[in-house]
Number of protein chains: 2
Amino acid sequence: MRHVAALAGVGVKTVSRVINGEPNVSAATIEKVNAAARKLDYQPDLHAGNLRRADGRTRTLGLLVGSVDNPFAGAVHRAVEDAAADRGVAVFASSLDDDPAREQEAVAAFLRRRVDGLILTTVSESQAYLAPELRRGTPVVFVDREPAGLTSDSVVSDNADGAALATRHLLEHGHRRLAYLGDRAGIQTARERRRGFLEELGRAGVATRDLPVVEGLHDEATAREATLALFAGDQPPTAIFSSQNLVTIGVIRALRELGRHHDTALVGFDDVPLGDLLDPGITVVAQHPQEIGRLAAERVFARLDGDEAPALRTVVPTTLIVRGSGELPPKAER
Amino acid sequence: MRHVAALAGVGVKTVSRVINGEPNVSAATIEKVNAAARKLDYQPDLHAGNLRRADGRTRTLGLLVGSVDNPFAGAVHRAVEDAAADRGVAVFASSLDDDPAREQEAVAAFLRRRVDGLILTTVSESQAYLAPELRRGTPVVFVDREPAGLTSDSVVSDNADGAALATRHLLEHGHRRLAYLGDRAGIQTARERRRGFLEELGRAGVATRDLPVVEGLHDEATAREATLALFAGDQPPTAIFSSQNLVTIGVIRALRELGRHHDTALVGFDDVPLGDLLDPGITVVAQHPQEIGRLAAERVFARLDGDEAPALRTVVPTTLIVRGSGELPPKAER
DNA sequence: GTGAAAGCGCTAACAC
DNA sequence: GTGTTAGCGCTTTCAC
């Protein structure tokens, strides 16, 4: 900046004014400064400016998702990015991998870089460690999962409702031997989905005691194996509710291997890529990750713009998408 | 930091030493400082430190991909993140959307934030604008597409070879009426893939004059329409080579609608999610985005670690994955 | 083993 | 309209 000022024959403050589009600079001076900046390939240092700037904004957001490689996370990320780009805000993205240590490291990395706001998917038992940061005024919005030990904005799917919707759908198609295949019970959304599943069965008067409730599945491989094991038993289910996109894919693979994909009903929670092109089409309770990301970004920016309202919990409804796999009737008992 | 120093009863420099794990501090002092830092929820400001620090490293990378919502980009991103996280480096991720303006803005946003390195997918005609930055010592690695008007490291798939491989596969299965459905010719990889397609046909002695070469497709919708149009003509192809994952999906949808998915061969460039579970399975020339991301990160960090070798062009081979759609024989002429 | 002073690139406050 | 000075939070240099 000093070099630009020298080359343009003005003071550094004038360069600063031009760079930031502040008023009270003559057109001729603006042109001189811009010419000098161009000649020197000058790029202002945002961080240096922020050190002194009144609002202290870095125009940077930290986003933590399950994995940047997951379609759900990709859609959330994209929506956040679009909202941020409109405001000249850049986005740090990190993957959580359902690892509490990674959560803490990622958040610390964001905070050391003085992000203006945080959009987080979390997995550790408590997010109380964020309290000081929240007091400091950094907006924190939780996506997909709600925080524990701390109150802040969140944007989540209606997990229990969606799971109940899926379950009711299977019940309506005559199934009574349903199986639940889901993620670790340590994960809040997994608990909610299991609760929705069991409660809906309870409302329908179906005894849940003997129904298989398999937890701890987190990827295709474990879900596939769990499904195979289920069918190796003497009372395989006639319908499966899978609580997560990767689990759903694992179930599909297993059912195909067993040749049971046309006689075992399946409803998945969260949409599956190309789910409509499979045979049968995969009936899912779809979430709306794009909408979740959009609303989360909206919350962060509202807070940055001075919204002081109490923490807001935004629930994004899920949608049942009927495609075939959820409408298969129970296989006749042998 | 001043507050921490005051509370611990030491000078700021001592706090700095403790934070950065520098030697020559007594164990007792370290403990005092850490206790004070914890009490005050002190988070060091990385940017402030970098202003003065000798190496000037922000421990931050800028990554520009097609769209963070695309599976290819997600895999690249994930690999870059994993390599970066090992080194305590955070990653800014932005979407290009094949928009030259967005490219420039994203890069400028990265540079204003003083990223240590850049991993870029580009679309503008020339990246010469990066020359000053490159001279300044910022490593720039191009992924997926090679730069123009500038020489720097790149990590790309063997686009022409992969396209030729796909084409040869279709020829070997007896097809002569092949169609090419691809992205805008303005995109370097699209040009390469078209070249590979046409050259392979030339080597096989197949006249390419009358074969449909449709370009300018960039999403499912346009690819679907182009495919439908192809079959509305009087000489529909017996085989299709689609040059990109979204285009492949659009083609699949159109073929299904037409009921032609079992008599029109299809090989796609770049893998398609669940491509093995469709009927027929989708034969593709798979790229290795994870590997591309890993190698790109490796390049950036090698440069940061002082590698001064001439610009390196790394080619990641593609792999033909046979699943059914590419092995369909030509439909008997009517 | 520790601290004081200067300065990184910029903006705030105020002078002219 | 424009420049000067101080200082943001930290690291460097150098003294003790």
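The structure presented is a predicted model; accordingly, all values stated were derived computationally and were not measured. (Residues numbered from 1 in each chain as written. Chains lettered and ligands numbered in written order. Predicted model: local features only at pLDDT ≥ 70, side-chain atom pairs only at ≥ 80, totals over all residues. Heavy atoms only, no water.)

Asker: So what exactly am I meant to see when it comes to the relation of the copies chain A and chain B here?
Answerer: Note: a rotation about an axis with an accompanying shift along it relates these two copies of the chain. Of the transformation placing chain A onto chain B, the axial shift is 0.0 Å and the rotation is 180 degrees, giving an RMSD of 0.1 Å. Both copies of the chain, as the preceding transformation shows, are related through a two-fold rotation axis. By C-alpha distance to the rotation axis, the residue of chain A lying nearest is Phe 92 of chain A, at 2.2 Å. Mapped onto chain B, 100% of the interface residues of chain A are again interface residues, and the two copies thus contact each other with one and the same surface. (Least-squares fit on C-alpha atoms with pLDDT ≥ 70 in both. Contact = heavy atoms within 4.5 Å.)

Asker: Would you take a moment to explain the protein's contact with DNA strand D for this structure?
Answerer: Within the structure, DNA strand D sits among 26 residues, and Thr 14 and Thr 29 of chain A together with Met 1, Lys 13 and Ser 16 of chain B are positioned closest to it. Those atoms of DNA strand D that come within 4 Å of the protein belong to sugar or phosphate at a rate of 62%. Contact distances for DNA strand D include 2.5 Å between a phosphate oxygen and a side-chain N or O atom of Thr 29 of chain A. Contacts to DNA strand D include Asn 20 of chain B, whose side-chain N or O atom sits 2.8 Å from a phosphate oxygen. At the level of secondary structure, the elements contributing two or more residues to the surface near DNA strand D comprise α2 (12-19) and α4 (46-52) of chain A together with α2 (12-19) and α4 (46-52) of chain B. The dominant element in the surface near DNA strand D, judged by the number of residues it contributes, is α4 of chain B, at four residues. Across the surface near DNA strand D, the residue classes break down as nine nonpolar, nine polar and eight charged. (Near = heavy atom within 4 Å. Polar contact = N/O pair within 3.5 Å; in protein donor to acceptor, adjacent residues only side chain to side chain. Helix = DSSP H or I, 4+ residues; strand = E, 2+ residues; numbered from the N terminus. Nonpolar A, V, L, I, M, F, W, Y, C, P; charged D, E, K, R; others polar.)

Asker: What is the right way to read the environment of Glu 81 of chain A from this model?
Answerer: Within the secondary structure, Glu 81 of chain A sits in helix α5 (residues 71-86). For Glu 81 of chain A and Arg 112 of chain A, which are 31 residues apart along the polypeptide, the C-alpha to C-alpha distance reads 21 Å. Beyond its immediate sequence surroundings of up to four residues, Glu 81 of chain A is in contact with Val 91 of chain A together with Val 68, Ala 93, Ser 94, Ser 95 and Arg 102 of chain B.

Asker: Is there a simple way to explain the environment of Val 315 of chain A in this structure?
Answerer: Residue and element names in this part refer to chain A. Mapping Val 315 onto the fold places it in strand β11 (residues 313-316). Taking C-alpha positions, Val 315 is 31 Å from Arg 112, a pair spaced 203 residues apart along the chain. Once you skip the residues sitting within four places of it in the chain, Val 315 turns out to touch Val 156, Ser 157 and Asp 158.

Asker: Honestly, the nonpolar core in this entry has me stumped. Any pointers?
Answerer: The tendency in soluble globular proteins is for nonpolar side chains to be buried as a group. Counting 70 residues, the largest nonpolar core has Leu 118 and Leu 120 of chain A together with Leu 118 and Leu 120 of chain B as its most contacted members. Once you skip the residues sitting within four places of it in the chain, Leu 120 of chain B turns out to touch Leu 64, Val 107, Phe 110, Leu 130, Val 140, Val 141, Phe 142 and Val 143 of chain B. Counting 42 residues, the second-largest nonpolar core is a separate cluster that includes Ala 223 and Leu 274 of chain A together with Ile 249 and Leu 274 of chain B. (Core = buried A, V, L, I, M, F, W, Y, C linked by side-chain atoms within 4.5 Å. Buried < 20%, exposed > 50% of the residue type's maximum accessible area, 1.4 Å probe, protein only.)

Asker: What is the right way to read the UniProt feature "domain: HTH lacI-type" (unreviewed entry) in chain A from this model?
Answerer: When the UniProt feature table is mapped to this numbering, "domain: HTH lacI-type" (unreviewed entry) covers residues 1-53 of chain A. Between the C-alpha atoms that bound residues 1-53 of chain A there is a distance of 16 Å. The span itself is 66% helix and 0% strand. (UniProt positions renumbered as here; feature names shortened; annotations may be inferred.)

Asker: How do you make sense of the protein's contact with DNA strand C when you look at a structure like this?
Answerer: Close contacts around DNA strand C come from 25 residues, with Met 1, Ser 16 and Tyr 42 of chain A together with Thr 14 and Thr 29 of chain B the closest. Per the 4 Å cut-off to the protein, sugar and phosphate atoms form 61% of the nearby atoms of DNA strand C. With respect to DNA strand C, the side chain of Ser 16 of chain A contributes an N or O atom lying 2.5 Å from a phosphate oxygen. Within the contact set of DNA strand C, a phosphate oxygen lies 2.8 Å away from a backbone nitrogen or oxygen of Ser 26 of chain B. Those elements that provide at least two residues to the surface near DNA strand C are α2 and α4 of chain A together with α2 and α4 of chain B. In terms of residue count, the dominant contributor to the surface near DNA strand C is α4 of chain A (four residues). In terms of residue class, the surface near DNA strand C is made up of nine nonpolar, eight polar and eight charged.

Asker: Quick question: what am I supposed to make of the pairing of strand β5 (residues 153-157) of chain B here?
Answerer: As a general feature of sheets, a regular strand has side chains that alternate between the two faces. Residue and element names in this part refer to chain B. Counting buried positions over the five residues of β5 gives five, a clear majority of the element. Of the two faces of β5, the one lined by Asp 153, Val 155 and Ser 157 and the one lined by Ser 154 and Val 156 are each fully buried. As judged from the three bridges shared by strand β4 (residues 140-143) and β5, these two strands associate in the parallel manner. For Phe 142, the partnering residue across the bridge sits in β5 and is Ser 154. Where β5 lies against strand β11 (residues 313-316), four bridges are found, and the strand directions are parallel. (Pairing = 2+ DSSP bridges.)

Asker: Please clarify how the packing of aromatic side chains should be interpreted in this entry.
Answerer: Each aromatic ring pair is specified by the distance between its two centres and by the angle formed by the two planes. Counted under the stated rule, the structure contains nine aromatic pairs over all chains. Residues Tyr 180 of chain B and Phe 197 of chain B carry aromatic rings whose centres are separated by 5.6 Å and whose planes lie at 45 degrees to one another, so their mutual orientation is tilted. In this pair, Tyr 180 of chain B is assigned in strand β6 (residues 178-181) and Phe 197 of chain B in helix α9 (residues 188-203), connecting sequence segments 17 residues apart. For Tyr 180 of chain B, a relative accessible area of 0% corresponds to the buried category. Residue classification places Phe 197 of chain B among the buried positions, given a relative accessible area of 0%. Among the aromatic residues, ring-to-ring pairing joins Phe 92 and Phe 110 of chain A together with Phe 92 and Phe 110 of chain B into one connected group. The ring of Phe 92 of chain A has Arg 113 of chain A sitting right over it, with the charged end atom 5.9 Å from the ring centre. (Phe/Tyr/Trp six-rings, centres within 6.5 Å; stacked < 30°, edge-to-face > 60°. Lys NZ or Arg CZ within 6 Å of the ring centre and 35° of its normal.)

Asker: Before we go on, may I ask you to explain the sheet that holds strand β9 (residues 265-269) of chain B in this structure?
Answerer: The strands that make up a sheet pair up through hydrogen bonds in the backbone, lying either parallel or antiparallel. All names here are of chain B. Here six strands make up an open sheet; going across it, the order is β7-β6-β8-β9-β10-β12 and the pairing mixed. This sheet does not close on itself; its edge strands, each paired only once, are β7 (213-214) and β12 (319-321). Here strand β8 (residues 239-242) runs beside β9; their pairing, made up of four bridges, is parallel. Each bridged residue has a counterpart across the sheet, and for Ile 240 the counterpart in β9 is Leu 266. Relative to β9, helix α8 (residues 159-172) is tilted by about 170 degrees, and along the sheet it contacts β6, β8, β9, β10 (283-286) and β12. On the sheet, helix α10 (residues 220-232) packs against β6, β7 and β8 and is oriented at approximately 155 degrees with respect to β6. (Axes fitted to C-alpha atoms, helices over the stretch in contact; angles between N-to-C directions.)

Asker: It is not clear to me how the side chain of Arg 113 of chain A should be interpreted in this structure. Could you clarify?
Answerer: With respect to the secondary-structure elements, Arg 113 of chain A resides in the loop between α6 (100-112) and β3 (117-120). Within the buried set, Arg 113 of chain A has no salt-bridge partner at all; the shortest N-O distance to an opposite charge, 7.1 Å, is to Asp 116 of chain B. In this view, Arg 113 of chain A contacts Thr 58 and Phe 92 of chain A together with Leu 46, His 47, Thr 58, Arg 59, Thr 60, Gly 88, Val 89 and Ala 90 of chain B; residues no more than four positions away in its chain are not counted. (Lys, Arg positive; Asp, Glu negative; His and termini not counted. Salt bridge = Lys/Arg side-chain N within 4 Å of Asp/Glu carboxyl O.)

Asker: How should the interface of chain A and chain B be read in this particular structure?
Answerer: Many analyses report the size of an interface as the accessible area lost when the parts associate. Of the residues lining the interface, 49 residues belong to chain A; the matching set on chain B comes to 49 residues. Both sides of the chain A and chain B interface together cover about 4400 Å² of buried area, and 53% of this is carbon and sulfur. Seen at the junction of chain A and chain B, the total is 10 salt bridges. Taken together, the links from chain A to chain B amount to 35 residue pairs in polar contact (both at pLDDT 80 or more). The residue inventory of the side of chain A that touches chain B, partitioned by class, reads 23 nonpolar, 10 polar and 16 charged. (Buried area = accessible area lost by both parts, 1.4 Å probe.)

Asker: Teacher, can you tell me more about helix α3 (residues 27-39) of chain B here?
Answerer: A turn of α-helix holds 3.6 residues, and therefore any two residues three or four places apart point the same way. Residue and element names in this part refer to chain B. Relative to the 18 Å expected for 13 residues at 1.5 Å per residue, α3 spans 18 Å between its end C-alpha atoms, a close match to the ideal helical length. Residues Thr 29, Val 33, Ala 36 and Ala 37 constitute the buried set of α3. One side of α3 carries all its buried residues, which in axial view fall inside an arc of 100 degrees. Seen from the buried face of α3, the exposed residues on the opposite side, beyond 90 degrees, are Ala 27, Ala 28, Arg 38 and Lys 39. Positive backbone phi, at 50 degrees, marks Asp 41, one or two positions downstream of α3. (Expected span 1.5 Å × (residues − 1). Arc of directions from axis to C-beta.)

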